[in-house]
Amino acid sequence: MTHSFNRLTTIAALDIGSSKVCCVIAKISRDKRINVVGYGYNASKGIKNGIVTDINQATLSVCNAVETAEQMANERIDRIIVNISGDKIKSIVKDATIAINKNRPVSEADITKVIEKGINKINVDEHELIHCLPTSYRLDMGDEIKDPRNIFGESLSVDILLGLVPEIQYRNLSTVIENAHLETAEKAFSAYASGLSCLVEDEKEIGATVIDIGGGSLEVAMGSDEDPTVALSVPAGAGRVTREFLPESGVADDDDLEAARKNIRKILEPMVKAFPKSKHPMHAVGTSKTIRSLARLAGAVMRQPGRVDTSIMTIDQLEDWLPRLAAIAPDQRTALPGVTPERTYQIVGGGLVIDEIMKALDVKEIEICPWALREGAILRWLDQFGRTRLGF
């Protein structure tokens, strides 16, 4: 990876999923313009639900995806931003409080001190720390404050969101990265990175729920401003649900669909409990090819002055299409708009998961984002490190 104030900086992101491994290479200019110059993907082998099951096969999958992207970009990479996914990830919130001088306003040093106190209280307990994000502040145990600087008070508190993954899971993933002769530059939770790629500034400010479904897991993040307040994953990916809960033929009747829904609701239960209903943001964004395929089939286009056209899929539209889609043989679904050959078999399973999580979180409609976590991982790096490494 190049770090120069006089030329473009090259960064790369790696998305290791249950269905495929993707690599994207981009060049970042000093004015923060992102230009994707290389893209590669390969079938995911030796990886299931974010967990490495075969080191050699997983390494080969990563190498093939990276090599394809390098050839397109005509550039070699040795450092990578890696997404962390799977149903074992979790997020928790820790708090810390310090006394401050009431005769002067809160300074940057006060903020640093309270965050450091919170970090020192962290016991990861056989987990790898992926994210450590201050999400809100309070003065004198009052209401939440986005930025306490230059405000007077006697005590300063902070809530810190911790993103954790089991140490063994991360160690195996790191071994795959190292065997591919790559160095991990940064790590990011999939749902968090997806949110960064999807949400515009006003959506971040108001608050949003980001839904990302892969082949092996469903990941949901919720929050406001730049950082999430909770990010969770459950084993309810489109491919996994299809294999475990739907008929092998790919065709399902109403009884089959209801039986699958019951199993999905059981899987979603711990996730739903972690999202208090009173705090569900009104706006929801979906990011994945499965969601985009369903939206193209069932959704409409909402015109927004000053912004690009946005696809919106309502829960009524989705529920209207699912039984009809399930009754069609998988090899015939590709004649429908938006249904690609690689997703024709699992699109019903993915649709059931999206429908159930929307109902559980009382989401009436979902905005479809054309971007995914790879772009979000790049934006995360740019936000954290671009100022010092690029000189702006």
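Residues numbered from 1 in each chain as written. Predicted model: local features only at pLDDT ≥ 70, side-chain atom pairs only at ≥ 80, totals over all residues. Heavy atoms only, no water.

**Here we look at the overall build of the chain**
Piece 1. What the chain contains, in helices and strands, is twelve helices and 18 strands.
Piece 2. Looking at the 392 residues of the chain, the share that counts as buried comes to 53%.
Piece 3. Long-range pairs, those at least 24 residues apart, make up 69% of the contacts in the chain with a sequence separation of at least 6.
Piece 4. Roughly 18,400 Å² of accessible area belongs to the chain as shown, and the carbon and sulfur atoms make up 49% of that amount. (Helix = DSSP H or I, 4+ residues; strand = E, 2+ residues; numbered from the N terminus. Buried < 20%, exposed > 50% of the residue type's maximum accessible area, 1.4 Å probe, protein only. Contact = heavy atoms within 4.5 Å. Areas by Shrake-Rupley, 256 points an atom, 1.4 Å probe, with all protein chains shown as cover.)

**Brief notes about the pattern of salt bridges**
Piece 1. Scanning the model with the defined rule gives 22 salt bridges in all.
Piece 2. In this structure, the salt-bridge partner of E356 is K359, at a minimum N-O distance of 3.3 Å. A residue pair is termed a helical-turn pair when its members lie 3 or 4 positions apart in one helix, as E356 and K359 do in helix α11 (residues 347-360) at three residues.
Piece 3. According to the relative accessible area criterion, E356 is buried, its value standing at 4%.
Piece 4. With a relative accessible area of 39%, K359 lands in the partly exposed category.
Piece 5. Via salt bridges that share partners, E258, R261, R265, E319, D355, E356 and K359 belong to a single interconnected network. (Salt bridge = Lys/Arg side-chain N within 4 Å of Asp/Glu carboxyl O.)

**Comments concerning α11**
Piece 1. Counted at 1.5 Å a residue, the expected span for α11 with its 14 residues is 20 Å, and the 20 Å between its end C-alpha atoms agrees.
Piece 2. Burial of α11 is extensive: 13 of the 14 residues sit out of reach of the surface.
Piece 3. Phi turns positive one or two residues past the end of α11, at D362, with a value near 60 degrees. (Expected span 1.5 Å × (residues − 1).)

**A few points about the confidence of the model for the chain**
Piece 1. Taken residue by residue, the chain gives an average pLDDT of 82. The fraction at 70 or more is 82%.
Piece 2. Element-level mean pLDDT values for the chain span from 44 in helix α12 (residues 373-390) up to 95 in α11.
Piece 3. Note on residues 1-7: pLDDT under 50 across the span, and 21 contacts to partners over four residues away in sequence or across chains.
Piece 4. Overall, residues 373-382 carries pLDDT values under 50, and its contacts beyond four positions in sequence, including any with other chains, amount to 48 contacts. (pLDDT = per-residue confidence, 0-100.)

**Quick look at empty space enclosed by the protein**
Piece 1. For the structure on display, the rule yields four cavities of 30 Å³ or more.
Piece 2. What lines the largest cavity is a set of 30 residues, and nearest its centre among them are D15, D212, I213, G214 and G215.
Piece 3. At the level of secondary structure, the elements contributing two or more residues to the lining of the largest cavity comprise β1 (9-16), β2 (20-28), β12 (208-213), α8 (289-298) and α12.
Piece 4. Per-element tally for the lining of the largest cavity: the top contributor is α8, with three residues.
Piece 5. Residues that form the lining of the largest cavity fall into these classes: five nonpolar, 17 polar and eight charged. (1 Å grid on protein atoms, 1.4 Å probe; cavity = no way out; pocket = protein on both sides within 12 Å on 5 of 7 lines; lining within 4 Å. Points joined across faces, edges and corners; volume = space filled by probe spheres on them. Nonpolar A, V, L, I, M, F, W, Y, C, P; charged D, E, K, R; others polar.)

**Considerations on the packing of aromatic side chains**
Piece 1. Taken as a whole and judged by the stated rule, the model has one aromatic pair.
Piece 2. Measuring from ring centre to ring centre gives 6.2 Å for Y39 and Y41, while their planes differ by 55 degrees; the resulting arrangement is tilted.
Piece 3. The exposed category is assigned to Y41, whose relative accessible area is 54%.
Piece 4. Directly above the ring of W321 sits R324, whose terminal nitrogen or CZ lies 4.2 Å from the centroid. (Phe/Tyr/Trp six-rings, centres within 6.5 Å; stacked < 30°, edge-to-face > 60°. Lys NZ or Arg CZ within 6 Å of the ring centre and 35° of its normal.)

**A few points about the sheet that holds strand β8 (residues 127-139)**
The strands making up a sheet are joined through hydrogen bonds of the backbone, oriented either antiparallel or parallel.
Piece 1. Overall, antiparallel pairing links the four strands, which are arranged β7-β10-β8-β9 in an open sheet. Every other strand in the sheet has two partners, leaving β7 (90-99) and β9 (144-145) as the edge strands with one partner each.
Piece 2. Sheet topology places β8 next to strand β10 (residues 155-166); eleven bridges connect them, and they run antiparallel. What sits directly across from H131, in β10, is G163. (Pairing = 2+ DSSP bridges.)

**What to know about the packing of helix α6 (residues 238-245) against α11**
Piece 1. Contact geometry of α6 with α11 gives a least axis separation of 7 Å together with a crossing angle of 105 degrees. Judged by the inter-axis angle, α6 sits roughly perpendicular to α11. Residues A238, V241 and T242 of α6 touch α11, and the partners they reach there are G349, G350 and V353.
Piece 2. Of the residues in the contact of α6 with α11, the class split is three nonpolar, three polar and no charged. (Axes fitted to C-alpha atoms, helices over the stretch in contact; angles between N-to-C directions. Parallel < 35°, antiparallel > 145°, perpendicular 65-115°, else oblique.)

**Looking at the environment of N101**
Piece 1. Inspection of the secondary structure puts N101 in the loop between β7 and α2 (108-120).
Piece 2. With 51 residues separating them along the chain, N101 and F152 place their C-alpha atoms 8.3 Å apart.
Piece 3. From its side chain, N101 meets the backbone nitrogen of N103 in a polar contact 2.9 Å long. (Polar contact = N/O pair within 3.5 Å; in protein donor to acceptor, adjacent residues only side chain to side chain.)

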